[in-house]
Amino acid sequence: MAAQGSRARTSAASSAVFPMPLPFSEVEEEQESESLRAFEARRRRKRRCSRHLTNLMAAACNFFDAGCPKGAQPARYPDRELTEVQVSAVRRMQRDAECMCASSGGEIASKGRGTSRLNSMILGLENRYSSSGRQIRANETVTVAQPVDGTRISLPQKAGQLRGAKLMCPERAKVFRDLHSIVLDEDRVGPRAIRSCHMLNRNDEVQFVRKLLEREMIVLIEESEIERHPHDNSLLRGGFFAVPHKGEKLRLIYDRRCLNALEADLSPVWLKLPHGSQFTECILDSACGLRGSADDLASWFYQIKHEETWWRRQAVGRRLHGADFASFGATPGRHYRACLVVVAMGDRNGVAFAQECHEYMLRAGDLLGVEQTLRFGESFPKTQLVEGAYVDDHVFALQVPLARMKCTPGHDDSCEHCRDDGGRLEDVIAVEQLEETYAKHGAEQSREKSTRYLSEFVAWGTTVNGLSGQVSVALDKRRQLARLAYAVCKRGFASKPILLSLVGSLVHPIMHCRTMMSIFSEVYIFIATMPSCTECRLPPGVVDELLIGSIMLASCYTNIRAPVSSTLSATDATNERGGACRCTVPHKLAHAAYRRGEQRGEHGLLRWDDIELEELPTKMERPSAEVDSLVKCLNWRSPIGYNFTGRREHINIMELRALLDEITRRAESGERNTRIVVFIDSRVVTGCVTKGRSSSKPLNRWLRRLMIICLASEIRVKVVWTSTTANPADAPSRRANLPVPS
């Protein structure tokens, strides 16, 4: 039955949450007492630090709510009592700040990957403002490449024990057997071969090559048989260098750029990898926990052997003399080249080959089923057991009743839950299948990296706490990143490699709370215009974004115990009016709508016209007849139509404002720690809300306002793209009655 006319109201652009007075304004005046005991003094310092951080988080939210003003007078907020909604927001911020300030994150290693690499890059630059504009060498602070040290390189005892073509589906095995089919035509390659990086001491090369020959990683092929560049006729050979690995170990990398440039990239077709942040999409029942098991294949690339016809395209290093390798069958007086016979780290398609072999093995062992496999861009599996394979890593995760979180074979003879099944839960059986599959194919596992049935486990860099339900990057890593970001901002100058590394490092934890991706806007524009080998002064806008990003790291997590609201929303807008409506559905239907929501997002542009919006290809889920039919048959209620305040803007901005207004209304009504499904008909808004940011500054400003409302109320928005004809909110935005359910 059609509802009555929509209620009129004004836009909710100004919420009851922000602007917010500083929750702990008195902390600025607190003095540290010298008479306190050391323990009490430390506790007070931590409390003061957490309150400072809470103030900073509130101030950052106020800054975004004001539209990120530049050059204006300092904002002054009235000193008043916090509203109930603001108290709830402060409680969340303070909780996160206390966790963040509980520790410094520990010492950042001077050698290694990730934060260690970034730290060494920052320490490698002078900490003086006078150093701005200085030229830096091409390899200074840019690369982690190190000379090859044969005593520290991680190598298998024996390589190439698995023939790659036998571990692939027939179609891909055919390609792997004849990889010359991916070699590009001559008119599609450059006129000169790329010079490779070879960081192996000439005096150590013979001994290192012998070590590789003993492990069957390489063969010696006469120099005259090595393939050459189609234009300049130069020898196609790569080089070796090392990068930090675990502890003091180094990982051997094959610089194959000269050959990669001549071959097609198989990744877009062959690869569909999982991502740790996908666990934020898991819906964890209040009576259940999540436990995980992880496995790692030892030197997986080196276990996979190429076909013999491809070896001559795997040359590496300097010319070798046959006399030095007579014991390996070489002929004295002839010249040879070392050629890899295994898939190499550095091969353009190495990841595609390694991933396909791993997945094929798992599928052959009745694992990695379609319904339970994690793949980025797809919905989180609805099965109790989920799994994913990422090159050499594999993860199982199982939802189990809280009382059975520790149930495994033989864990406790008195356990009443294990009397019937002996603790052989679904993940226990799956792990046994996994180990049998690896053993059957001869794949070597790295046993020391295996973990079993943990309530807190790490999946591809993401820490999942299966009891509390928090999914995030490890807290200590976030603390270290915050310190590094502050160090860069305090210095005032940075090179392009440092900014690229810093922003890339910040993006990973922020992906676990996607709305915070909108923090970064100016920094991407600045990086794109920076020269490669010169330090530049950081503009104020870039410093603001880096500092706010480091502050908000405290809240970069998702609570997967948050339920999906059974109240669905729909929003729409015209250039002058916004509209919204709601309906209540059973929980199963709400969960289905949440799973159908957009997973990936895209870079939408305001300048797209109607034809481009309709015809341009997209990886997002387009409106379907099934979704439209569902939306039309729901009993929509509570219509709201209102006039937008302020100036008119692009229609996509108005659509985003309508969505923001609806989330703000629901937050102000008391909804907390929940997931809300919203149906909208704008492709641009669907893409940018799901992605978390937009390259359009006007859109990004409104995304930041959505971010602070979601932060304050712990609401997560899931957008479902529906067609305009099915969107029920179209009616209140045009002063019409809601459609009758069909």
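These notes cover the structure that comes with them. (Residues numbered from 1 in each chain as written. Predicted model: local features only at pLDDT ≥ 70, side-chain atom pairs only at ≥ 80, totals over all residues. Heavy atoms only, no water.)

Concerning the nonpolar core
A general tendency of soluble globular proteins is for nonpolar side chains to be buried together.
Then step 1. Core analysis: the largest hydrophobic core is formed by 86 residues, its most contacted members being Phe208, Leu220, Phe240 and Trp300.
Then step 2. Among the elements that make up this core, the one with the highest residue count is helix H9 (residues 350-364) (six residues).
Then step 3. Non-local contacts of Trp300, meaning those with residues more than four positions away in its chain, are made with Leu162, Ala354, Cys357, His358, Met361, Val391, Asp392 and Ala443.
Then step 4. Judged by nonpolar contacts, the second largest core, of 81 residues, contains Ala58, Cys489, Leu499 and Val678. (Core = buried A, V, L, I, M, F, W, Y, C linked by side-chain atoms within 4.5 Å. Buried < 20%, exposed > 50% of the residue type's maximum accessible area, 1.4 Å probe, protein only. Helix = DSSP H or I, 4+ residues; strand = E, 2+ residues; numbered from the N terminus. Contact = heavy atoms within 4.5 Å.)

Regarding the packing of helix H1 (residues 38-65) against helix H21 (residues 697-713)
Then step 1. The geometry of H1 relative to H21 is characterised by a closest axis approach of 8 Å and an angle of 145° between their N-to-C directions. Read as a crossing pair, H1 and H21 show a hand that is left-handed. Here H1 contributes Cys61, Phe64 and Asp65 to the contact with H21, which in turn contributes Arg704, Arg705, Met707, Ile708 and Leu711.
Then step 2. Classifying every residue of the contact of H1 with H21 gives five nonpolar, no polar and three charged. (Axes fitted to C-alpha atoms, helices over the stretch in contact; angles between N-to-C directions. Left-handed = near helix turned anticlockwise from the far one by under 90°. Nonpolar A, V, L, I, M, F, W, Y, C, P; charged D, E, K, R; others polar.)

Some points on the sheet that holds strand E10 (residues 385-390)
Then step 1. Strand order in the open sheet made by the four strands is E10-E11-E6-E12, with antiparallel pairing throughout. One side of each edge strand has no neighbouring strand; the edge strands of this open sheet are E10 and strand E12 (451-454). Strand after strand, the sheet turns through a mean of 10° between neighbouring axes, direction not considered.
Then step 2. Sheet topology places strand E6 (residues 288-296) next to strand E11 (residues 393-401); nine bridges connect them, and they run antiparallel. Residue pairing for E11: Leu290 is matched across the bridge by Gln399.
Then step 3. Contacts from H9 reach E10 and E11 within the one sheet, and its direction differs from that of E10 by about 145°.
Then step 4. Each of E6, E10, E11 and E12 is contacted by helix H11 (residues 426-441), which is oriented at about 160° to E11, the strand it contacts most. (Pairing = 2+ DSSP bridges.)

Brief notes about the pattern of salt bridges
Then step 1. Taken as a whole and assessed by the stated rule, the structure comprises 45 salt bridges.
Then step 2. The salt bridge involving Glu205 is made with Arg318; its shortest N-O contact spans 2.4 Å. A residue pair is termed long-range when its members are at least 10 positions apart, and Glu205 in helix H5 (residues 202-214) and Arg318 in strand E8 (residues 315-321) qualify at 113 residues.
Then step 3. The class of Glu205 is buried, set by a relative accessible area of 5%.
Then step 4. A salt bridge links Glu432 to Arg424; the nearest nitrogen and oxygen atoms lie 2.7 Å apart.
Then step 5. Residue classification places Glu432 among the partly exposed positions, given a relative accessible area of 30%.
Then step 6. Each of Arg172, Glu356, Glu359, Arg363 and Arg375 takes part in a single network of salt bridges with overlapping partners. (Salt bridge = Lys/Arg side-chain N within 4 Å of Asp/Glu carboxyl O.)

Description of the pairing of E6
Then step 1. Judged by how many residues are buried, E6 sits mostly within the fold: nine of nine residues are covered.
Then step 2. Going residue by residue along E6, you find Cys288, Leu290, Gly292, Ala294 and Asp296 tucked away on one face and Gly289, Arg291, Ser293 and Asp295 tucked away on the opposite face as well.
Then step 3. Summarising the sheet, E6 and E12 pair through two bridges and their orientation is antiparallel. Residue pairing across strands places Gly292 opposite Leu454, the latter belonging to E12.

As for the packing of aromatic side chains
Then step 1. For the coordinates displayed, the defined rule picks out 10 aromatic pairs.
Then step 2. Centre to centre, the rings of Phe279 and Phe457 are 5.9 Å apart; their planes meet at 80°, and the pair counts as edge-to-face. Remark: Phe457 occurs in strand E13 (residues 456-459) and Phe279 occurs in the loop between helix H7 (267-270) and E6; sequence separation between them is 178 residues.
Then step 3. For Phe279, a relative accessible area of 1% translates into the label buried.
Then step 4. Aromatic ring contacts, followed pair by pair, group Phe176, Trp270 and Phe353 into a single cluster.
Then step 5. In this structure, Arg210 packs its charged tip against the face of Phe325, placed 5.7 Å from the ring centre.
Then step 6. Arg705 extends its terminal NZ or CZ atom over the ring of Trp702, reaching a point 4.3 Å from the ring centre. (Phe/Tyr/Trp six-rings, centres within 6.5 Å; stacked < 30°, edge-to-face > 60°. Lys NZ or Arg CZ within 6 Å of the ring centre and 35° of its normal.)

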